[in-house]
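Fold and geometry: a report
What follows is each chain in one-letter form.
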Amino acid sequence: MRASLALVLFLAVLPCAAQPPARNPQVDAVLNGIQAANIEARIRKLASFHTRHTLSRTDSDTQGIGAARRWIKAELDQCSRAAGGRLQVAFDAFIQQPGRRVPRPVEIVNVVATLPGTQPQAASRIYVVSGHYDSIPSNVMDAEAQAPGANDDASGVAAVMEMACVMAFHRFDATLVFMAVAGEEQGLLGSAHWAEETKKKRLNIAGMISNDIIGSPTGPDGKRYDGAVRLFANGLPALITSKSPELEQIARAGGENDTPAHELGRYLKDTAERYVPGMTVRLIPRPDRFLRGGDHLPFLERGYAAVRFVEPVEDYRHQHKNVTVVNGVQEGDLPQFVDFDYVAKVARVNAAGLASLALAPAVPRDAGVEVVQLENDTTLRWRANDEPDLAGYRIVWREVGAPTWQYTRDVGNVARYTLKDMPKDNYIFGVVALDRDGNASPAAFPRPWRP
Ligand SMILES: [Zn+2]
C-alpha cells in the first residue's frame, strides 16, 4: 500500500514532456571502445621505466621520467594519427624552482592531448581528465630506487590514455583535455602549473576529473569491491580559502552540498550508473581522503569544479613503497596488484561522464530562486543558453538531506518557471539545460535572487 502510494507520488512529479532517451548511443559507442587489454599493456609499460620520479634521469630511452613522458606522447600521437589527427598532443613544460620537495630547479613536463569541440558555441567549454605519471618509492626524495607506480598512478594515466585514444574517433560539442601530469608526488606541481596558466588565460574549465589510484578493487584483507569506485567531490573548503564572494550566498541558501564540484559529482554518479552496469559511484562530499591530496585540488583552489576518483579501499603496502619483501609479504606498487578489468571499468565510468558532459549544453548561468515575498510557490530563473541545439530546461529537486536528485520536471524552453505549492524552504533545486538529443547538463544551483 505504501509502495503504491509512493509510486503515485513519484508519477505525479514526472515531467509532462517526453522523457529523453536514458542512454545516448554515442556514449555507448565510446564505452564499447575502451579495452582492458590496452590499459594492461600501458600500465605494464609505465611500470617498466624503473622509476618515473620527477627528479629522475631524463637522458635514457628506457629508464626515468624523460623516457616515460616521451613514450606517453608518442603513444598519444599514434592514437591521434589513427583517428585522423584531430587530437592535438603537446608537452606543457616549465622549470620548477626549488621548494619543499624539489632540491634543485627541475623541468616538469605535462603531456596534454586536446580534442577540440566541434560546436562553435561550446568549443570554449573545456572538460579535463587527468592522471599523474610520476611515481615515488618509500622516500619521496629518492629518485633512484625502483618505483613502478603501477596503481599510483599508471592506472590513472592508462585510463586517461585509453579514453583519449577512443574518444579521438568521436565528435563532441565541447572540448576535452586528456592530461598525464608530473610532479604530483612532489606537491601537485604539474597540475598546479597547468591550472594556473589556464586561469591566466581565462579559459572556461567547466569540469575537471583526477584519476589517482584506480587500479584495484581489493582491500588489504583480500575483500573485493569490484562494483564500486569512490568519487571525492566537494568544492566548499576551496571556496572558503579563496574567499569567494559567492560563499556567503551559497551558505545562506543551504547550498553547502551544491557547489559546482558537488553538482559535477552527482552528474558523474548518475552517468556512471546509467551506462556502466554493475558499477556504483560512492559520492563522498570531501575534497579528498584524510592526509592525502591530488591533482584536482589546484583546480578547486582556482574556483573550478574538480573531483577525484579513487579505488574503494586502498592497500597501503602497495603505495609509495619500495619494492621489497617484508615478513614474506611482497610490498611495492607492482602491476601484479592491479586489476586491469577494474581499471577499464573506471575508465568507462569516466568516459560516460565526459562524453555526456561534452555532448550536452553548458550549465545554465545565473540561476536564481526568487525571494521576493513569503509564498509557498517556488519561482526559478536563469539566463538562456546560446547553443543552437538547445531544446529547453529541466528542473530537478530533492528533499533536504538527500544526496542525489530525486525528482525532475521538463519545463520547455523558458528562462523562468514557477513550481506551484512547492516551498523553496523544503527542497534543494537545480536547473539543467537539455539539447534536442536529450543530452543534459549538470545542474545549476539557484542562488537567492531579488529584483
Ligand atoms: Zn597518486
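Heads up: these notes are all about the structure in this document. (Residues numbered from 1 in each chain as written. Predicted model: local features only at pLDDT ≥ 70, side-chain atom pairs only at ≥ 80, totals over all residues. Heavy atoms only, no water.)

Put simply, helix H9 (residues 260-275) and helix H11 (residues 340-359) touch, their axes get as near as 8 Å, and they point 115° apart. Here H11 runs roughly perpendicular to H9, going by the angle between their axes. In terms of crossing hand, the pair formed by H9 and H11 is right-handed. Of H11, the residues touching H9 (which contributes Leu-264, Tyr-267, Leu-268, Thr-271, Ala-272 and Tyr-275) are Val-349, Ala-352, Gly-353, Ser-356 and Leu-357. The residue makeup of the contact of H9 with H11, split by class, is eight nonpolar, three polar and no charged. (Axes fitted to C-alpha atoms, helices over the stretch in contact; angles between N-to-C directions. Helix = DSSP H or I, 4+ residues; strand = E, 2+ residues; numbered from the N terminus. Parallel < 35°, antiparallel > 145°, perpendicular 65-115°, else oblique. Left-handed = near helix turned anticlockwise from the far one by under 90°. Contact = heavy atoms within 4.5 Å. Nonpolar A, V, L, I, M, F, W, Y, C, P; charged D, E, K, R; others polar.)

All right, on to the side chain of Asn-211 then. Structurally, Asn-211 can be placed in strand E5 (residues 204-211). Polar side-chain contacts of Asn-211 include one of 2.8 Å to the side chain of Asn-350. Beyond its immediate chain neighbours, meaning those up to four positions away, Asn-211 contacts Val-129, Ser-130, Gly-131, Asp-153, Gly-156, Phe-309, Val-346 and Asn-350. (Polar contact = N/O pair within 3.5 Å; in protein donor to acceptor, adjacent residues only side chain to side chain.)

Another point: the sheet that holds strand E14 (residues 407-412). Pairing within the open sheet is antiparallel, and its three strands lie in the order E14-E13-E16. Every other strand in the sheet has two partners, leaving E14 and strand E16 (427-435) as the edge strands with one partner each. With direction set aside, neighbouring strand axes in the sheet form an average angle of 25°. Taken together, the five bridges between strand E13 (residues 390-399) and E14 define a ladder with antiparallel strand orientation. Bridge assignment links Val-396 to a residue of E14, and that residue is Thr-408. (Pairing = 2+ DSSP bridges.)

This next bit is on the coordination of the zinc ion. Listed as protein donors to the zinc ion are His-132 (NE2), Asp-152 (OD), Asp-212 (OD) and Asp-212 (OD); their distances from the metal cover 2.0 to 2.7 Å. Donor residues for the zinc ion, ordered by position in the chain, follow H-x19-D-x59-D. Taken as a pair, Asp-152 in helix H5 (residues 150-167) and Asp-212 in the loop between E5 and strand E6 (228-232) lie far apart in primary sequence, 60 residues in all. Asp-152 gets classed as buried once you look at its relative accessible area, which sits at 4%. With a relative accessible area of 2%, Asp-212 lands in the buried category. (Donors = N, O, S within 2.8 Å, 3.2 Å for Na, K, Ca; no water. Buried < 20%, exposed > 50% of the residue type's maximum accessible area, 1.4 Å probe, protein only.)

Counting 85 residues, the largest nonpolar core has Ile-72, Tyr-133, Met-163, Met-167 and Phe-178 as the members making the most contacts within it. Ranked by residue count, the leading element in this core is H11, at 14 residues. Dropping the residues within four chain positions of it, Phe-178 is found in contact with Leu-87, Val-111, Val-112, Ala-113, Leu-115, Val-129, Val-160, Met-163, Ala-164 and Met-167. (Core = buried A, V, L, I, M, F, W, Y, C linked by side-chain atoms within 4.5 Å.)

Time to look at H9. Counted at 1.5 Å a residue, the expected span for H9 with its 16 residues is 22 Å, and the 22 Å between its end C-alpha atoms agrees. Burial analysis of H9 places 12 of its 16 residues in the buried class, the great majority of the element. Along H9, the residues classified as buried are Ala-261, His-262, Glu-263, Leu-264, Gly-265, Arg-266, Tyr-267, Leu-268, Lys-269, Thr-271, Ala-272 and Tyr-275. (Expected span 1.5 Å × (residues − 1).)

The strand order E15-E12-E11-E17 describes an open sheet built from four strands, whose pairing is mixed. The sheet is open, and its two edges are formed by strand E15 (416-419) and strand E17 (447-449), each paired on a single side. Across the sheet, the mean angle from the axis of one strand to that of its neighbour is 35°, orientation sign disregarded. Bridge count between strand E12 (residues 378-383) and E15: four bridges; the pairing is antiparallel. When the sheet's bridge partners are listed, Thr-378 is paired in E15 with Leu-419.

Below, the discussion takes up the side chain of Asp-410. Looking at the secondary structure, you find Asp-410 in strand E14. For Asp-410, the side chain forms a polar contact with the side chain of Arg-394, separated by 2.6 Å.

Let us look at the pattern of salt bridges. Here the structure, examined in full by the defined rule, presents 31 salt bridges. Close ionic contact of Arg-23 with Asp-28 constitutes a salt bridge, the shortest N to O distance being 2.7 Å. Asp-258 is paired through a salt bridge with Arg-266; the nearest N and O atoms lie 3.4 Å apart. An identical accessibility class is assigned to Asp-258 and Arg-266; each is buried. (Salt bridge = Lys/Arg side-chain N within 4 Å of Asp/Glu carboxyl O.)

Another aspect to go through is the packing of aromatic side chains. For any pair of aromatic rings, geometry is given as the distance between the ring centres together with the angle between the planes. A full pass over the atoms with the stated rule returns seven aromatic pairs. Each ring, one from Phe-299 and one from Tyr-304, has its centre 6.3 Å from the other, and the planes form 50°; the classification is tilted. Of the residues examined, Tyr-304 reaches a relative accessible area of 9% and is grouped as buried. Ring centres of Trp-382 and Tyr-393 lie 5.2 Å apart, and the angle between their planes is 50°; this geometry places the pair in the tilted category. Of the two residues, Trp-382 sits in strand E12 while Tyr-393 sits in strand E13, which places them 11 residues apart along the sequence. In this structure an aromatic cluster arises from ring pairing among Trp-397, Tyr-407, Tyr-427 and Phe-429. A cation over an aromatic ring shows up here: Lys-199 above the ring of Tyr-304, its NZ or CZ 5.1 Å from the ring centre. When the ring centre of Trp-405 is taken as reference, the NZ or CZ atom of Arg-266 above it lies at 5.5 Å. (Phe/Tyr/Trp six-rings, centres within 6.5 Å; stacked < 30°, edge-to-face > 60°. Lys NZ or Arg CZ within 6 Å of the ring centre and 35° of its normal.)

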